[in-house]
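Listed below, chain by chain, are the residues.
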Amino acid sequence: MENGKSCGSAGCKCPCHKMMGILIALIGVTFLLGNLDVVSQKFVATAWPILLILIGLKKSFLKGMCKCCSEAAK
């Protein structure tokens with residue numbers, strides 16, 4: 001917890017707090033590229049569930065692994 005910032009706040013430099021936003025943005029980009037026919041619909045149908053699984057894994061397995069999260073709990 002640097003400079004009195006709480007875990008996950010805008011001042012947190014920990015990359016694990018940005019991962020969720022990146023994965024959600026990737027889901028949106030996947031659908032956009034599918035609708036624009038840049039990638040095939042088969043790719044979109046495969047990619048978005050994989051990204052949702054990664055979000056679930058991030059939330060369950062990486063919980064408490066972050067330095068700033070473990071410091072904030074103390």
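Participant: Explain the overall build of the chain to me, please; I cannot follow it from the model alone.
Facilitator: A tally of regular secondary structure across the chain gives three helices and zero strands. Overall, the chain shows an N-to-C arrangement of helices and strands of α-α-α. With 74 residues in all, the chain has 19% of them scored as buried. Across the chain, the fraction of contacts at a sequence separation of at least 24, relative to all contacts at a separation of at least 6, is 62%. For the chain, the computed accessible surface area is about 5500 Å², with 68% contributed by carbon and sulfur atoms.

Participant: Explain unusual backbone geometry to me, please; I cannot follow it from the model alone.
Facilitator: For residues other than glycine, phi is negative in most cases, and the peptide bonds are mostly trans. Although it is not a glycine, Asp37 adopts a positive phi angle of roughly 60°. Locating Asp37 in the fold gives a position in the loop between helix H1 (16-35) and helix H2 (41-61).

Criteria and cut-off values
Every chain is numbered independently, its residues counted from 1 as its sequence is written. Under the rules for a predicted model, residues below a pLDDT of 70 receive no local features and side-chain atom pairs below 80 are neither given nor counted, while totals for whole chains, interfaces and linings still include all residues. Remark: hydrogens and water are excluded; side-chain values derive from all non-hydrogen atoms of the structure. Numbering of helices and strands runs from the N terminus, with a helix taken as a DSSP run of H or I at least four residues long and a strand as a DSSP run of E at least two residues long. For each residue, the accessible area found with a 1.4 Å probe, counting protein chains only, is set against the maximum for its type, and the residue is called buried under 20%, exposed over 50%, and partly exposed in between. Two residues form a contact once any of their heavy atoms are found within 4.5 Å. Areas reported here follow the Shrake-Rupley algorithm with a probe of radius 1.4 Å; residue values treat only the protein chains shown as occluding.

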